Amino acid sequence: MSDDTTPGSATMRAVSLKDGELALRDVARPVPGAGQILVRTLACAICASDHHYMDHPEVAIADRSGMRVHAPESDVVMGHEFCAELVEYGPDCQQQWPIGTRVTSVPALFVDGGMRIIGMAPDAPGGFGEYFLLSEGFARPLPDDLPVERLALIDAMAVGWYYTRVGHNDATVPLVIGLGAIGLSMILALKQRGAKNIVAADFNHRRRELAAELGADVVVDPAETDTFTRWREVAWGRSEEVHDRIALAGLASCTVYECTGVSGLLADIIDKGPVGTRILSASGADSDVIPSADAHIKGVNIQFGGGPEIEDWYDTLDLVVAGQIDPTPLIGETVGIDGLVDAFHRARSADAPPRIVFTA
């Protein structure tokens with residue numbers, strides 16, 4: 001394998017997906033096009049979206065927007081939660097910052113013919129390689145005095161910021177189900193928004209501990225306690241289920257932040273949640289059956305995805321840089337590029353830390 005990875009080299013080391021296999025390979029070093037900048041990876045976190053892209057090519061095949069591309073015969077370098085260093089400007093750039101500036105960006109790249117999600121197309125390589133590309137207009141400079149691992153988690157934190165923006169109000173008692181990085185980002189965002197009586201549920205003891213450290217008021221082990229029984233005790237001061245809206249008058253409503261992607265969970269929430277429950281599904285099961293008649297009778301509102309939007313991403317960037325949101329407790333491990341493939345597969349486990357971060 002070549003060690004020739006200087007900015008002028010034709011190749012670089014990267015963990016790429018090709019023919020369904022993830023491996024450390026020599027791949028072509030990207031060349032910045034019009035409006036693009038070449039950056040060197042400083043840190044990049046492993047996200048469940050990377051696993052989903054690898055495991056479910058049918059999603060990319062069905063993506064009519066062209067933002068995800070299924071290209072099994074090409075090297076696709078994943079990684080969309082990153083902190084990087086500016087190396088080179090492409091043509092038609094404004095050249096806003098000195099070479100060597102730390103930068104990050106929303107994980108989107110303008111290319112000929114449209115836009116790609118960074119790390120989910122061969123022409124939009126991500127941070128699992130030594131170099132990748134950003135659109136200069138999306139990039140933002142970063143301070144030099146913060147850990148690169150923390151700065152790599154801005155994208156994950158932006159998910160929580162978005163869902164709590166659209167889901168939280170003072171009349172609700174929030175319930176976060178699933179305490180991976182996204183669920184924990186919900187708790188950080190809810191605390192930032194002044195939420196009270198946050199209930200958080202997960203089977204994993206360490207993740208419940210993390211949720212409590214980050215601001216959850218009550219943590220629940222669903223193996224020992226029914227989650228909605230505990231939620232009613234916290235929100236209403238009683239465990240009895242209420243079956244109609246008249247009886248609910250004056251009681252807190254329930255907003256569920258579903259962050260697991262486990263098939264069958266949405267049906268369980270509809271069955272056990274109170275009348276008028278709002279579900280914000282931030283994960284998306286690979287296949288699921290929703291009891292629509294029950295949801296209709298109970299007036300359940302379900303939102304699938306939808307964010308983060310660009311303003312949420314940049315708002316989160318400002319909060320992380322200012323220290324108002326600190327994702328550092330989510331980082332359980334850092335690895336070098338030689339350990340990235342193994343770490344990628346270990347990150348699938350429910351017992352893995354919320355984030356494993358590749359650092360260059």
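Numbering of residues starts from 1 in every chain and runs along the sequence as written. Owing to the predicted nature of the model, reporting of local features is limited to residues with pLDDT of at least 70; listing and counting of side-chain atom pairs is limited to 80 or more, with chain, interface and lining totals taken over all residues. Values shown for side chains rest on all heavy atoms present in the structure; no hydrogens or waters enter the calculation.

Some thoughts on the packing of helix α5 (residues 181-192) against helix α6 (residues 205-214)
- Interaxial angle, 0 to 180 degrees, is taken between N-to-C directions of lines fitted to C-alpha atoms, where a helix line uses only the stretch in contact. Here a strand is any run of E in DSSP of at least two residues, a helix any run of H or I of at least four, and the numbering for each starts at the N terminus. Running from N to C, α5 and α6 cross one another at 15°; their axes reach a closest spacing of 9 Å. Relative to α6, α5 is oriented roughly parallel. Viewed along their axes, α5 and α6 form a crossing whose handedness is right-handed. Across the interface between the two elements, L184, I187, L188 and K191 of α5 pack against R207, L210, A211 and L214 of α6. For this classification, under 35 degrees means roughly parallel, over 145 means roughly antiparallel, 65 to 115 means roughly perpendicular, and everything else is oblique. Throughout, a crossing is termed right-handed when the near helix is turned clockwise from the far one, and left-handed when it is turned anticlockwise from it by less than a right angle. Whether two residues are in contact is decided by their heavy atoms: any pair within 4.5 Å suffices.

Side note on the sheet that holds strand β13 (residues 253-258)
- One open sheet accounts for six strands, arranged β12-β11-β10-β13-β14-β15; its pairing is parallel. One side of each edge strand has no neighbouring strand; the edge strands of this open sheet are β12 (218-220) and β15 (301-304). Taking each pair of neighbouring strands and ignoring which way they run, the sheet shows an average axis angle of 20°. Two strands form a pair only when DSSP identifies at least two bridges running between them.

Comments concerning the pattern of salt bridges
- For this analysis, a salt bridge means a side-chain nitrogen from Lys or Arg found within 4 Å of a carboxyl oxygen belonging to Asp or Glu. In total, this model carries 18 salt bridges according to the counting rule given.
- With a shortest N-O distance of 2.7 Å, R13 and D338 are connected by a salt bridge. Taken as a pair, R13 in strand β1 (residues 11-18) and D338 in the loop between β16 (331-335) and α12 (340-346) lie far apart in primary sequence, 325 residues in all.
- Between buried and exposed lies partly exposed: a residue is buried under 20% and exposed over 50% of the maximum accessible area for its type, with that area taken using a 1.4 Å probe on protein chains only. Classification of D338 as exposed rests on a relative accessible area of 61%.
- Note that R165 and E309 form a salt bridge whose closest N and O atoms lie 3.5 Å from each other. Of this pair, R165 sits in helix α4 (residues 154-167) while E309 sits in the loop between β15 and α11 (310-322), and the two are 144 residues apart along the sequence.
- Accessibility expressed as a relative area gives 35% for R165, which makes it partly exposed.
- On the basis of relative accessible area, E309 is assigned to the partly exposed category, the value being 33%.
- Through salt bridges with shared partners, one network takes in R165, E309 and D312.

Quick look at the environment of A60
- The residue A60 is located in helix α2 (residues 57-61) in this model.
- In sequence terms A60 and H70 are 10 residues apart; their C-alpha atoms lie 5.4 Å from each other.
- Those residues in contact with A60 that sit more than four places away from it in its chain are Y53, R68, V69 and H70.

A word on the confidence of the model for the chain
- On average, residues of the chain score 93 in pLDDT, and 96% of them reach the 70 mark or higher.
- Counted against residues more than four places away or in other chains, residues 1-5, with its pLDDT under 50, gives 14 contacts. Per-residue confidence from the predictor is given as pLDDT, running between 0 and 100.

Here we look at unusual backbone geometry
- Across the junction of G307 and P308, the peptide omega takes the value 10°, indicating a cis bond.
- Mapped onto the elements, P308 comes out in the loop between β15 and α11.
- Of note in the backbone geometry, D19 takes a positive phi value of approximately 55° without being a glycine.
- Position of D19 among the secondary structure elements: in the loop between β1 and β2 (21-28).
- Residue N197 is not a glycine yet carries a positive backbone phi of 60°.
- The topology assignment puts N197 in the loop between α5 and β11 (199-201).

Notes on the environment of V31
- Looking at the element boundaries, V31 is found in the loop between β2 and β3 (36-45).
- Accessibility expressed as a relative area gives 61% for V31, which makes it exposed.
- Distance from V31 to A10, taken between C-alpha atoms, is 9.1 Å for residues 21 residues apart in sequence.
- Apart from residues no more than four positions distant in its own chain, V31 is found in contact with Q36 and L133.

Description of the pairing of strand β10 (residues 172-177)
- With six of its six residues buried, β10 lies for the most part within the structure.
- Of the two faces of β10, the one lined by T172, P174 and V176 and the one lined by V173, L175 and I177 are each fully buried.
- As judged from the six bridges shared by β10 and β13, these two strands associate in the parallel manner. Each residue of the ladder has a partner; that of T172, found in β13, is S253.
- Looking at chain direction, β10 and β11 are connected through three bridges and run parallel.

Topic: the packing of α4 against α5
- For the pair α4 and α5, the least separation of the axes is 7 Å and the interaxial angle reads 55°. When the axes of α4 and α5 are compared, the pair comes out oblique. As for the relative orientation of α4 and α5, their crossing is right-handed in sense. Touching A156, M157, V159, G160, W161, Y163 and T164 of α4 are A181, I182, S185, M186, L188, A189, L190 and Q192, all from α5.
- All amino acids are sorted into three groups, where Ala, Val, Leu, Ile, Met, Phe, Trp, Tyr, Cys and Pro are nonpolar, Asp, Glu, Lys and Arg are charged, and the leftover types, Gly among them, are polar. For the contact of α4 with α5, the per-class residue count stands at 11 nonpolar, four polar and no charged.

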